[in-house]
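# Understanding the architecture of this molecule
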Amino acid sequence: MKTYRIIKLLPIITCLLICTISFGQDKYIDKNGTIVFEASEKLFEEVKATNKYATAIYNIETNEIAALALMKGFRFKNSLMEEHFNENYIESDTYPKAIFKGKIVDFNATKNLGETAVEVDVKGVLELHGKQKTIETVLTLQKVDNIISMTGSFVVSPSDFDIEIPKIVRNKIAKMVHVNLDFKLIRK
Amino acid sequence: MKKKTAYIIAFSVFTLGVLACAVYGYMYKEHRDIATEEVDYSLSSNDLKNVMRTDSVSGQFIDKVIKTEGVITSIEQNSVVLNNVIQVNFINTDVSMLKPEATLSIKGRCVGYDDLLEVVKIDQATITNP
């Protein structure tokens, strides 16, 4: 009786297995994505940090994008600035990561993604410092063999995420923070 | 009298100089050198993943010098993955020299837990294989 039940379930199990395998093939992953943010003001020391191990996942079937950056992974030239960024502004002990979840709108990856670079619209939510903000921007996509290059930028402000800049340094940190991203996603 | 003023001037210049050096040293202190720092925690790659995925204890390990080891499961770009759970980025090791399935022992800074890929990220690592 028991074996019969399993046999009856077999087609469903195989179906599920095939589904997960085929879903798996639509994913492109980068574990070493680069995210740079800059909030420099002219005449003052540059306020710029780079994260070279951000994660990005792009599902070409559903057009969904997910990206994650660990706050401690952002490296500054000036170590004191890095310390202040972590302790006073971003509070990385309480909020260790930034997560973006979004989607490329009106784009057919299987048809339009190739060796010529294309610009696509992306809409999603960035969560950072316990706050969420909707981000809409343009990304450039290009696919060569099994690698998709995804580059782009957007602008945020510290106040969007309830990050208060003390008066004493307010004129040394730009109100608008430019974020640049550069991902090389490999087929998984 | 003149001698006294000269002393005062010399003293103030010296104090100012020391102060300036102290301020400069504070503002532009060197980055940490993980390779020469003492190891804070030494644990297996699976144990490290298990503690890092638990929010209540992960804070204790973040930014600390960790020593761990495992079998290389993948090598890509500048990073090496150990036992599918630890992603290691080195300071200046050429990862193309490493071979998959070799056992590697490393020391580096724990950056945090990546819940998209379910891996612990370690940076500024050095190889400590005997």
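Keep in mind it's a predicted model, so treat the numbers as computed, not measured. (Residues numbered from 1 in each chain as written. Chains lettered and ligands numbered in written order. Predicted model: local features only at pLDDT ≥ 70, side-chain atom pairs only at ≥ 80, totals over all residues.)

One face of the sheet, then the other: side chains in a regular strand alternate in exactly this way. Residues and elements named next belong to chain B. The pairing of strand 1 (residues 41-42) with strand 2 (residues 65-76) spans two bridges and is parallel. Each residue of the ladder has a partner; that of Ser42, found in strand 2, is Lys67. In this structure, strand 2 lies alongside strand 5 (residues 103-114), joined through seven bridges in antiparallel fashion. When the sheet's bridge partners are listed, Gly70 is paired in strand 5 with Leu104. Of the strand pairs in this sheet, strand 2 and strand 3 (residues 79-82) are connected by four bridges, and their pairing is antiparallel. Residue Glu76 lies in a different strand from strand 3, and its bridge partner there is Ser79. (Pairing = 2+ DSSP bridges. Helix = DSSP H or I, 4+ residues; strand = E, 2+ residues; numbered from the N terminus.)

Looking now at the UniProt feature "transmembrane region" (unreviewed entry) in chain B. Using the residue numbers shown here, the UniProt feature "transmembrane region" (unreviewed entry) corresponds to residues 6-27 of chain B. Spanning residues 6-27 of chain B, this segment combines 100% helix with 0% strand, and its end C-alpha atoms are found 32 Å apart. (UniProt positions renumbered as here; feature names shortened; annotations may be inferred.)

A separate point is the interface of chain B and chain A. Across the contact, 21 residues belong to chain B and 17 residues belong to chain A. Of all the elements in the fold, those that place two or more residues in the side of chain B that touches chain A are strand 4 (86-90), strand 5 and strand 6 (119-127) of chain B. A per-element tally of the side of chain B that touches chain A places strand 5 of chain B first, with three residues. Of the residues in the side of chain B that touches chain A, the class split is six nonpolar, eight polar and seven charged. (Contact = placed C-beta atoms within 7 Å. Nonpolar A, V, L, I, M, F, W, Y, C, P; charged D, E, K, R; others polar.)

All right, on to the confidence of the model for chain B then. In the predicted model, chain B carries a mean pLDDT of 90, and the fraction of residues at 70 or more is 98%. At the level of chain-chain contacts, confidence expressed as ipTM amounts to 0.83, with global pTM at 0.83. (pLDDT = per-residue confidence, 0-100.)

Bringing the environment of Ile60 of chain A into the picture now. Residue and element names in this part refer to chain A. Along the chain, the position of Ile60 falls in the loop between strand 2 (48-59) and strand 3 (64-70). Judged by local crowding, Ile60 falls into the buried class, with 21 C-beta atoms found within 10 Å. Along the sequence, Ile60 and Thr110 sit 50 residues apart, while their C-alpha atoms lie 7.4 Å from each other. (Buried ≥ 20, exposed ≤ 12 C-beta atoms within 10 Å, placed from the backbone.)

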